[in-house]
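Single-letter residue listing:
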Amino acid sequence: MKLTTKGRYAVTAMLDLALHNGDQPVSLAEISERQDISLSYLEQLFAKLRKAGLVVSMRGPGGGYQLNGAPEAIVIADIISAVDESVDATRCGGMGDCQDNKRCLTHDLWMDLSNQIRVFLSEITLADMTARMEVQETAARQKDKRIDFRSHSHSH
């Protein structure tokens, strides 16, 4: 299954943004700290997410990013496509040329799987994800970790 780090990180960062999407923009530094994704990598991802119209950037002090639209309107499949990823279970990239430039025996099976995954990810919104109990618990733990880190660093 080929869903690369780029696609996974983009979804993780967008979910973090959705969880912290309020009146104030969220800085990439905050997402980086909570999700352990390097700042430079996030900058590359968010350039693509902005170009795709999924986020808007706010410049200046207190600047950062906000979702461009309601979390109910942003589906996971769109986030993955925005960073130039495709969810493809075939070896041939859907071309049908993996065995002597012809279709292999299991081509249609892997094409069907790819389509099922695409449909699945097109039906799940950021709002669906933020509503999940395990997502909320993880977000709370990440927030606590950050507070602990800051309080310990000042006391030493």
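Residues numbered from 1 in each chain as written. Predicted model: local features only at pLDDT ≥ 70, side-chain atom pairs only at ≥ 80, totals over all residues. Heavy atoms only, no water.

Trainee: Mind showing me how you'd approach the packing of helix α2 (residues 28-35) against helix α3 (residues 39-51) here?
Mentor: For any two helices packed against each other, one specifies the crossing angle of their axes together with the interaxial distance. α3 packs onto α2 with a crossing angle of 120 degrees between their chain directions and a minimal axis gap of 9 Å. Our classification of the angle between α2 and α3 gives oblique. The hand of the α2/α3 crossing is right-handed. Of the residues in α3, those in contact with Leu28, Ala29, Ile31 and Ser32 of α2 are Leu39, Leu42, Glu43 and Phe46. For the contact of α2 with α3, the per-class residue count stands at six nonpolar, one polar and one charged. (Axes fitted to C-alpha atoms, helices over the stretch in contact; angles between N-to-C directions. Helix = DSSP H or I, 4+ residues; strand = E, 2+ residues; numbered from the N terminus. Parallel < 35°, antiparallel > 145°, perpendicular 65-115°, else oblique. Left-handed = near helix turned anticlockwise from the far one by under 90°. Contact = heavy atoms within 4.5 Å. Nonpolar A, V, L, I, M, F, W, Y, C, P; charged D, E, K, R; others polar.)

Trainee: Just checking my understanding: could you explain the confidence of the model for the protein chain for this structure?
Mentor: Low pLDDT marks stretches whose predicted atomic positions should not be read closely. Scored by pLDDT, the protein chain comes out at a mean of 88, with 91% of its residues at no less than 70. Here helix α7 (residues 133-155) stands out as the element of the protein chain with the lowest mean pLDDT, 68, in contrast to α3, whose mean of 97 is the highest. Note on residues 148-156: pLDDT is under 50 here. Beyond four places in sequence and across chains, it has two contacts. (pLDDT = per-residue confidence, 0-100.)

Trainee: Please clarify how α3 should be interpreted in this entry.
Mentor: Helical geometry note: an α-helix holds 3.6 residues per turn, so side chains three or four residues apart project in the same direction. In this model α3 runs 18 Å from its N-terminal to its C-terminal C-alpha over 13 residues, within 8% of the 18 Å that 1.5 Å per residue would give. Those residues of α3 that fall on the buried side of the exposure criterion are Leu42, Leu45, Phe46 and Leu49. The buried residues of α3 occupy one face: seen down the axis, they fall within an arc of 100 degrees. Tucked inside the fold, the buried residues of α3 contact α1 (5-19), α2, β1 (55-58), β2 (64-67) and α4 (76-82). (Expected span 1.5 Å × (residues − 1). Buried < 20%, exposed > 50% of the residue type's maximum accessible area, 1.4 Å probe, protein only. Arc of directions from axis to C-beta.)

Trainee: Just checking my understanding: could you explain the environment of cysteine 92 for this structure?
Mentor: Looking at the secondary structure, you find cysteine 92 in the loop between α4 and α5 (107-122). Remark: the alpha-carbon pair of cysteine 92 and valine 11, spanning 81 residues in sequence, is separated by 25 Å. Filtering out sequence-adjacent residues up to four positions away, cysteine 92 remains in contact with Asp97, Cys98 and His107.

Trainee: When you look at the packing of aromatic side chains in this model, what are you seeing that I'm missing?
Mentor: Ring pairs (aromatic) are described by centroid distance and by the angle formed between their planes. Tallied over the entire structure, the rule returns two aromatic pairs. Look at tyrosine 9 and tyrosine 41: their rings are 5.7 Å apart centre to centre, the planes differ by 85 degrees, and that puts the pair in the edge-to-face class. With a gap of 32 residues between them, tyrosine 9 in helix α1 and tyrosine 41 in helix α3 connect regions that are remote in the sequence. The partly exposed category is assigned to tyrosine 9, whose relative accessible area is 31%. You can call tyrosine 41 partly exposed: its relative accessible area is 25%. Centroid distance phenylalanine 46 to tyrosine 65: 4.8 Å. Interplanar angle 55 degrees. Geometry classified as tilted. With phenylalanine 46 in helix α3 and tyrosine 65 in strand β2, this residue pair connects regions lying 19 residues apart in the sequence. According to the relative accessible area criterion, tyrosine 65 is buried, its value standing at 13%. (Phe/Tyr/Trp six-rings, centres within 6.5 Å; stacked < 30°, edge-to-face > 60°.)

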